[in-house]
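What follows is the residue order along each chain.
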Amino acid sequence: MNFLNEIKHIPVITVISETAKESNTEVYMVGGVVRDLILKRQRSDLDFLVIGDSLSFTEKVATKIGIQKVTKYRNFGTAHFKFQDYDIEFVGARKESYNRNSRKPIVEDGTFEDDIRRRDFTINAMAISLNQNTFGELIDKFNGYQDLQNKIIKTPLDPFQTFDDDPLRILRAFRFAAQLEFQVDESIMKAAKEMKERLRIVSQERITDEFLKILTSPKPSVGLKLLFDSEALQIIFTEIQNLAGVDQRQDYHHKDVFLHTLSVVDNVSKETENVWLRFAALVHDVAKPQTKKFVEGIGWTFHGHEELGARMMKNIFHRMKLPMHKLEYVEKLVRLHLRPIALAKEEVTDSAIRRLIVQAGDDLNDLITLCRADITSKNPQKIEKYLANYEAVMQKVLEVQEKDKLREFQSPVRGEEIMKICNIKPSKKVGEIKKAIEDAILDGVIENSYEAALAYLLKIKDDFLSENKS
Ligand code: CTP
C-alpha cells in the first residue's frame, strides 16, 4: 500500500527524504501520525523514526529549512522543532526495555524492527517509508491496518509484555478506544485486570493526562466503562469505582449510581467540550455512597451528598494533580446541582432565585446544562416534566434579573438638576420628584430620554412644590 499522495503535501517531507538520501540514513514516518493519516484525522504532531543518529539528522533537516531552535533530549535520542503549524519530532530507533521498578527507560540503539515491536498498539506500530526506493510505502508488521478497519485495539506483543514495559499503556488502550470508538481486544482486558496494580509506579501527571483525554472523547463512558471493568478505576479514581452497586431494601432499590453517572457524563458531553463541566458531571454524585441512608416509609436518601461531594473535591484535585484554578468551578457545580430543581418545586421567592444567581455567578448556564444532563429517566413524560421545571426556573431567573435591572434604573434627570430647576435644597421632595419621573418612564407615560424627562419635570414641578404636595 502506498501513501505517496497523502504525504507529499506535508511541507517538510521532501526535505526529510532528500536528507535521508544524502546522509544514507533510513527514515520513516511512524506511530500515531500514520494511524491518523489512514483515519484522515487532522494532527499537528509529526513523528519520524531515524535508523541511526537522530540528533545530527534533525540538525541537518533544521539547517536546510532555516530552523534555528532544535530541542534535543540526548538521553532519549529524540530531537524536536516547530515548523509552520507542525511539531516535528525525530526519534532514533530503540531497543527499549524498562527497568521494572522505575519509569526510566533503558535506551539502547536498535533496528527498525526492534523499535516497532516495542510500541504500544498495532494501530500505532505502522510506518511509512521516506526512503528513495520505497517512498510512501506502508510498513505494517503487526497487521495494524486491518485492526484499524476492524476498529480494534491490540498489542503487537503479548499484552503482558507490552504493559510491563509501560503500565500507562493500560490507560492508553482505553483512551484510544474512547477517542476512536474502538473495541479493546479480550487479551488486553485480561492483562489489564491482572496488571492494574502496576499503574502505581506511573507518575500521576501521565495518568491524569490519559484520564482527561478519556473525558474529552466524544463518548467518555466507553473509556470509563473499560476502566471500571478492568478495575483500573479502583487504582486511579477509587471514588468513582465505589459508585457502583445496587441495594435492595423492602420494595425500594436505588439505581446504580455509577451507571447513572456514566449517562450524565455522556449527556453533558453532547452539549459541551468543556472538560471541567464533564468532570463536574463525573463527580456530581460522588458522595452518595457516604450519605446513603434507608429511611422507613421513604426509601433511600442521600441527604447532604452535594455539600459533602463539593468538600471532597479539594483532596481529589490535589491527589490527581488537577489544575487548582478549576477547583472552585467544580466545587460550585457539585454543591449547587440540586438547587435548580428545588427552586422549581416550591413557590419560590425572588430572593431564593437571587441567591442562586449570585452563587452560580457566570456559571449558571453550565449548572443548568449539568442539571438537564442529570435527567436520566427512561420515562418520556418524566423527562418532559423535569425539563419544563428547568425552563420555569430559568424563566424566573430572567424575570428577577429584569426586575433587578429596572431597580438599578435611574431617572435621566438627576437630583442635582432637580434641585436647581425647582430651586430647593436636598430633601425628601427631591427623591419624590425623581421617583415620579422614573415611574412615568416605567409606566410608559414618557419615553426614557433626557429631553422627555426634563419636559416631564417642568410639567409636574409646580404641582409637587405647591402647598398640598408638601
Ligand atoms: N508510544 C508507545 N507507548 C507509549 C507512548 C507512545 O509505544 N506509552 C508510541 C506509539 O507508537 C505512539 C507514539 O509512540 O503512536 C507516539 O506517542 P503519543 O504522541 O503519545 O501518541 P500518539 O499515538 O501520537 O497519539 P496522540 O497524539 O493522540 O496522543
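The preceding data block contains the structure.
Residues numbered from 1 in each chain as written. Predicted model: local features only at pLDDT ≥ 70, side-chain atom pairs only at ≥ 80, totals over all residues. Heavy atoms only, no water.

**Focus on a positive patch on the surface**
Turning to step 1, where the next piece is worked out: Residues Lys-255, Lys-345, Lys-378, Lys-382 and Lys-385 make up a contiguous surface patch of positive charge.
Turning to step 2, where the next piece is worked out: For Lys-255, the position within the fold is in the loop between β13 (252-253) and α14 (257-271). (Patch = residues over 30% accessible without salt bridge, like charges linked within 9 Å, V, L, I, M, F, W, Y side chains within 5 Å. Areas by Shrake-Rupley, 256 points an atom, 1.4 Å probe, with all protein chains shown as cover. Salt bridge = Lys/Arg side-chain N within 4 Å of Asp/Glu carboxyl O. Lys, Arg positive; Asp, Glu negative; His and termini not counted. Charge placed at Lys NZ, Arg CZ, Asp CG, Glu CD. Helix = DSSP H or I, 4+ residues; strand = E, 2+ residues; numbered from the N terminus.)

**Brief notes about the environment of Pro-11**
Turning to step 1, where the next piece is worked out: By the secondary structure assignment, Pro-11 is in the loop between α1 (4-7) and α2 (13-22).
Turning to step 2, where the next piece is worked out: Look at Pro-11 and you get partly exposed, because its relative accessible area is 32%.
Turning to step 3, where the next piece is worked out: Taking the C-alpha atoms as reference points, Pro-11 and Gln-146, separated by 135 residues in sequence, lie 29 Å from one another.
Turning to step 4, where the next piece is worked out: Filtering out sequence-adjacent residues up to four positions away, Pro-11 remains in contact with Phe-83, Gln-84 and Tyr-86. (Buried < 20%, exposed > 50% of the residue type's maximum accessible area, 1.4 Å probe, protein only. Contact = heavy atoms within 4.5 Å.)

**Some words on the site of the ligand**
Turning to step 1, where the next piece is worked out: Close to the ligand lie 15 residues; Gly-32, Arg-35, Arg-43, Asp-120 and Asp-166 are nearest.
Turning to step 2, where the next piece is worked out: Residue Gly-32 places a main-chain N or O atom 2.9 Å away from an oxygen atom belonging to the ligand.
Turning to step 3, where the next piece is worked out: For the ligand, an oxygen atom lies 3.0 Å from a polar atom in the side chain of Arg-172.
Turning to step 4, where the next piece is worked out: When the free accessible area of the ligand is taken as 560 Å², the share hidden by the protein chains comes to 77%.
Turning to step 5, where the next piece is worked out: Partitioned by chemical class, the residues of the shell around the ligand number one nonpolar, three polar and eleven charged. (Near = heavy atom within 4 Å. Polar contact = N/O pair within 3.5 Å; in protein donor to acceptor, adjacent residues only side chain to side chain. Nonpolar A, V, L, I, M, F, W, Y, C, P; charged D, E, K, R; others polar.)

**Quick notes on the pairing of strand β5 (residues 86-92)**
Turning to step 1, where the next piece is worked out: Bridging between strand β2 (residues 45-51) and β5 involves six bridges; their strand directions are parallel. Looking across to β5, one finds that Asp-47 is bridged to Glu-89.
Turning to step 2, where the next piece is worked out: Note: strand β4 (residues 78-83) against β5, six bridges, orientation antiparallel. Following the sheet pairing, Phe-81 is matched in β5 by Ile-88.
Turning to step 3, where the next piece is worked out: The turn joining β4 and β5, which pair antiparallel and follow one another in sequence, is formed by two residues; a positive phi near 50° is taken by Gln-84. (Pairing = 2+ DSSP bridges.)

**Comments concerning the pattern of salt bridges**
Turning to step 1, where the next piece is worked out: Counted by the stated rule, this structure contains 28 salt bridges.
Turning to step 2, where the next piece is worked out: Residue Lys-225 is joined to Asp-229 by a salt bridge in which the shortest nitrogen-to-oxygen separation is 3.6 Å. One end of the pair, Lys-225, and the other, Asp-229, are both in helix α11 (residues 221-230), four residues apart, so they sit about a helical turn from each other.
Turning to step 3, where the next piece is worked out: The partner of Glu-307 in a salt bridge is Arg-311, with the nearest N and O atoms 3.4 Å apart. With a gap of four residues between them, Glu-307 and Arg-311 both fall in helix α17 (residues 305-319), about one helical turn apart.
Turning to step 4, where the next piece is worked out: On the basis of relative accessibility, which here comes to 55%, the residue Arg-311 falls in the exposed class.
Turning to step 5, where the next piece is worked out: A cluster of three or more residues bridged by salt bridges with shared partners is formed by Arg-35, Asp-36, Arg-41 and Arg-43.

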